[in-house]
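# Structure at a glance
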Amino acid sequence: MSAHIVIVEDEPELAALVADYVRAAGYSAAVFHDGGAALDAIPHENADLLVLDLMLPGVDGLTICKTVRATSNVPIVMVTARVEEVDRLLGLDAGADDYLCKPFSPRELVARIRAILRRAQASSASAPPIQVDTAARRIRVHGQQLDLTPTEFTILAAMAAHPGQVFSRARLLDLANGDSLDVTDRAIDSHIKNLRRKLSAAAPGVEAIHSIYGLGYRFDL
Ligand code: CA
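Below is a short write-up of the structure. (Residues numbered from 1 in each chain as written. Predicted model: local features only at pLDDT ≥ 70, side-chain atom pairs only at ≥ 80, totals over all residues. Heavy atoms only, no water.)

### Things to note about the overall build of the protein
A count of helices and strands for the protein gives eight helices and 11 strands. Projecting the C-alpha coordinates of the protein onto the three principal axes gives extents of approximately 65 × 30 × 25 Å. Considering only contacts within the protein whose residues lie at least 6 apart along the sequence, 55% involve residues at least 24 apart. Carbon and sulfur atoms provide 53% of the accessible area of the protein, an area that totals close to 11800 Å². Side chains of the protein carry 22 positive and 28 negative charges; the gap between the two charge centres is 6 Å. (Helix = DSSP H or I, 4+ residues; strand = E, 2+ residues; numbered from the N terminus. Contact = heavy atoms within 4.5 Å. Areas by Shrake-Rupley, 256 points an atom, 1.4 Å probe, with all protein chains shown as cover. Lys, Arg positive; Asp, Glu negative; His and termini not counted. Charge placed at Lys NZ, Arg CZ, Asp CG, Glu CD.)

Right, dumping it as structure tokens:
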């Protein structure tokens, strides 16, 4: 399947030129001319890479970059007319993967896109499917951050630390009670149900939490 590239650029001629080159390279392209519209659309585009102009009407490219980065590892190439912005773009709080200064050659942009996609593919092949950040209490599945309640985090982090091991409801209850004292058996089942829903959104078609009849639950991804 060919990669999908989202291009956010407010100069219509430049946006069309870039989209032509991207399509000629065999990718699909979606173009947005306005920052706010782009930010609304990006969660639904399922992009493999974003090309963001820095100066945009509505929401600027840096804000889009930071907003996307809060929940996604999608590669981002920033385009800027100001070379003095570059350090900030690639810095930790913005989190862009690469940049080009205007004026740039669309051919060069496509070469960068190709290189970044190749790198992203190689690293997603070697990255573990689930990454638990205990300090930040965040869990990523296939690079996508899950939006978890504290109890869901506690349960999933514990299960993910011991893949293949069966967790009884009593043990899950103990874990959950570390957060609050009024968790019941039934509540455990509903936490598991919610976790399954969130996991299957991040890893479609994969059953990560298995019910083991009479024993409890087992995590495997
Ligand atoms: Ca611009």
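### Notes on the sheet that holds strand β7 (residues 138-141)
What the three strands build is an open sheet, ordered β6-β7-β8; its pairing is antiparallel. Single-partner strands in this sheet number two, and they are β6 (130-133) and β8 (144-145). (Pairing = 2+ DSSP bridges.)

### Comments concerning the sheet that holds strand β3 (residues 49-53)
For sheets, the rule is that strands pair by backbone hydrogen bonds, running either parallel or antiparallel. On the basis of which strands lie adjacent, the open sheet formed by five strands has the order β2-β1-β3-β4-β5 and parallel pairing. The open sheet has two edge strands, β2 (28-32) and β5 (98-101), and neither has a second partner. On average, each strand axis in the sheet is tilted by 15° relative to the strand beside it, whichever way the strands run. Packing against the sheet, helix α1 (residues 12-24) makes contact with β1 (4-8) and β2, and its axis sits at approximately 165° to β2. Strand contacts of helix α5 (residues 106-126): β1, β3, β4 (76-80) and β5, with the helix running at about 175° to β5, the strand carrying the most contacts. (Axes fitted to C-alpha atoms, helices over the stretch in contact; angles between N-to-C directions.)

### Notes on the nonpolar core
Formed by 26 residues in total, the largest nonpolar core has its most connected members in I139, L156, M159 and F219. Elements supplying a minimum of two residues to this core: β7, α6 (150-161), α7 (169-177), α8 (185-202) and β11 (216-219). At seven residues, the largest contribution of residues to this core is made by α6. When residues no more than four places from it in sequence are discounted, the contact partners of L156 are I130, I139, L146, L148, L195, L199 and F219. The next biggest cluster of nonpolar side chains, apart from the first, holds 22 residues, and it includes A30, A41, I64 and I76. (Core = buried A, V, L, I, M, F, W, Y, C linked by side-chain atoms within 4.5 Å. Buried < 20%, exposed > 50% of the residue type's maximum accessible area, 1.4 Å probe, protein only.)

### Let's talk about the environment of V132
Summarising the element assignment, V132 is placed in strand β6. Taking C-alpha positions, V132 is 17 Å from A201, a pair spaced 69 residues apart along the chain.

### Brief notes about the coordination of the calcium ion
Here the calcium ion is held by D10 (OD), D53 (OD) and M55 (O), and the distances to it run 2.1 to 2.3 Å. Between consecutive donors of the calcium ion, the numbers of intervening residues give the motif D-x42-D-x1-M. The exposure class assigned to D53 is buried, which follows from its relative accessible area of 3%. (Donors = N, O, S within 2.8 Å, 3.2 Å for Na, K, Ca; no water.)

### Focus on the pattern of salt bridges
Summed over the entire model, instances satisfying the criterion amount to nine salt bridges. Between D53 and K102 there is a salt bridge whose closest N-O contact spans 3.3 Å. Here D53, found in strand β3, pairs with K102, found in the loop between β5 and α5; they are 49 residues apart in sequence, far enough to count as distant. Here D97 ties to R69 by a salt bridge, and the two come within 2.8 Å at their closest N and O atoms. Here the residue D97 occupies a position in the loop between α4 (86-90) and β5, and R69 occupies one in helix α3 (residues 61-69), the gap between them amounting to 28 residues. We classify R69 as buried; its relative accessible area is 18%. (Salt bridge = Lys/Arg side-chain N within 4 Å of Asp/Glu carboxyl O.)

### A short note on the pairing of β6
The pairing of β6 with β7 spans four bridges and is classified as antiparallel. Its bridge partner being in β7, Q131 is matched across the sheet by R140.

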